[in-house]
Each structure stands twice: as C-alpha cells, then as structure tokens.
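Below, each chain spelled out in residue letters.
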Amino acid sequence: ICYWVFRQPENRLSLYIISFFMPPNAPIDTYVRVETAEAMDIFLRPAGVFARARAYAVDLLFRLLWLWLSSMVMMFVFVGGGSPEWMMGLIFLNLFATMWLYPVLFEVFWHGQTPGKRIFRLQVISDNGAQIGWSASLLRNLLRLADGLPFLYALGMSVMLLHPQGKRIGDVLASTLVVHTDDAR
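The shown structure was predicted, so the numbers you read here are calculated from the model rather than taken from an experiment. (Residues numbered from 1 in each chain as written. Predicted model: local features only at pLDDT ≥ 70, side-chain atom pairs only at ≥ 80, totals over all residues. Heavy atoms only, no water.)

Summing up its helical and strand segments, the protein chain has 9 helices and 4 strands in all. Beginning at the N terminus, the succession of helices and strands in the protein chain can be written as α-α-β-β-α-α-α-β-α-α-α-α-β. Among the 185 residues that make up the protein chain, the fraction classed as buried is 33%. Counting only contacts in the protein chain whose residues sit at least 6 apart along the sequence, the fraction spanning at least 24 positions is 57%. Of the roughly 11900 Å² of accessible surface on the protein chain, a fraction of 70% belongs to carbon and sulfur atoms. (Helix = DSSP H or I, 4+ residues; strand = E, 2+ residues; numbered from the N terminus. Buried < 20%, exposed > 50% of the residue type's maximum accessible area, 1.4 Å probe, protein only. Contact = heavy atoms within 4.5 Å. Areas by Shrake-Rupley, 256 points an atom, 1.4 Å probe, with all protein chains shown as cover.)

On to the confidence of the model for the protein chain, then. Summing up the model confidence of the protein chain, the mean pLDDT is 82 and the portion of residues at 70 or higher is 81%. Per-element confidence in the protein chain is highest for helix α5 (residues 115-119), whose mean pLDDT is 96, and lowest for helix α1 (residues 2-7), whose mean pLDDT is 40. A low-confidence stretch, residues 1-9 (pLDDT under 50), is modelled with 12 contacts involving residues beyond four sequence positions or located in other chains. Scored below 50 in pLDDT, residues 11-23 shows 12 contacts in the model against residues more than four places distant or in partner chains. (pLDDT = per-residue confidence, 0-100.)

The biggest cluster of nonpolar side chains holds 9 residues, and these are A47, A51, A55, L122, V124, I132, A136, A174 and V178. The set of elements that each furnish at least two residues to this core consists of α3 (49-78) and β3 (122-126). Excluding residues within four positions of it along the chain, V178 makes contact with R45, P46, A47, R52, L122, Q123, V124, R140 and D171. In this structure, V32, V34, L44 and L177 belong to the second largest nonpolar core, which totals 6 residues. (Core = buried A, V, L, I, M, F, W, Y, C linked by side-chain atoms within 4.5 Å.)

Contact pair helix α4 (residues 84-109) / helix α6 (residues 134-142): the axes reach a minimum separation of 9 Å and the direction vectors enclose 150 degrees. Read as a crossing pair, α4 and α6 show a hand that is right-handed. Note on element contacts: α6 touches α4 through W134, S137, L138, R140, N141 and L142, opposite W100, P103, V104, L105, E107, V108 and F109. Classifying every residue of the contact of α4 with α6 by side-chain character gives 9 nonpolar, 2 polar and 2 charged. (Axes fitted to C-alpha atoms, helices over the stretch in contact; angles between N-to-C directions. Left-handed = near helix turned anticlockwise from the far one by under 90°. Nonpolar A, V, L, I, M, F, W, Y, C, P; charged D, E, K, R; others polar.)

And the structure:
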C-alpha cells in the first residue's frame, strides 16, 4: 500500500496518507515550492518523463498531419507552375516552421501549452511560476536537438530522470519547468 500511495500523488487520499506518515517539516513528495512576488508560497507538481512523452507524441502527430496536408496542398497548387527546386524549398521551409516554430508559438500564445500539453493538462512556466516568454520558449525548444541525442531523446530522458524536478537540458538552461495544471481551470 505504501508503494501505491507514493506513486499516485494526484490522488487526494494519498496526499492525506503521505502527510500522516511524514514529519511536519518534510517536503511533499515531488512538489516544488515557489515563492511568488507577493511573498506567498505555491506548490507545483512537475511533470515526469511519461506525462511529457505523451504530450510530445500528440504534438508530433499534429505536426506530421499538418506537414502531410500542407505538402499535398502545395503539390496541387504549384503543380506545373514552378521548378522542382523551388517546390522543394517551400516544402523544407514548411518543415522547418512546423517542427521548430510550432512549440514556440503555441507556448507563447497559449500560456505555456501546446495542443498535446493542453490535452494532458501540462504547462510550461518559468522557475519563478510566471508565464513563459519568447526567449525562454525559443531557447528550450532549440535545445530539443541536444535532448534528442544520440537517438530517440535518450540524453533528454536521462537528464529528466536524474533531475529532481524532471527538467531536460532545454528546461535547465531556459529556467523553465513543465508542471501539471490543476483541474479547476
């Protein structure tokens, strides 16, 4: 029973059981305490590897679907109207914009959420609890390339598993944190 209790922190009953077994000054399981500018403490629950992987898989599916649809539209619109080199240039420009700008634009304009993060109730915030800005979003998403090394995000997942707050390299350098949002929204 203790194993189940400590592995399911989102269950309210488990929070009461955890608080019963822990000393009064001990930190709550995986929560991060952030002091706001108003001198109030808020507790955030960082997202783990598997919660983030699910959101990334949904976002990857959306991106691949967009690439397929937009490439088909470009083929039909520009068929016979231009050189093949020009067409390949448009396809590569679309590929770059879709793979690199998709997470940045959604994180900035959707308050730290891409469609995959929104589905699984995750949000990217700054280490101080504030909303993420352009520079932090660009930095964390450009460093996704380093997280993907040597293959299949092995380095990024290793860093996330070893970091106490579940951060990947991009999160550490951009001072961001991916957290679970509450259900009250």
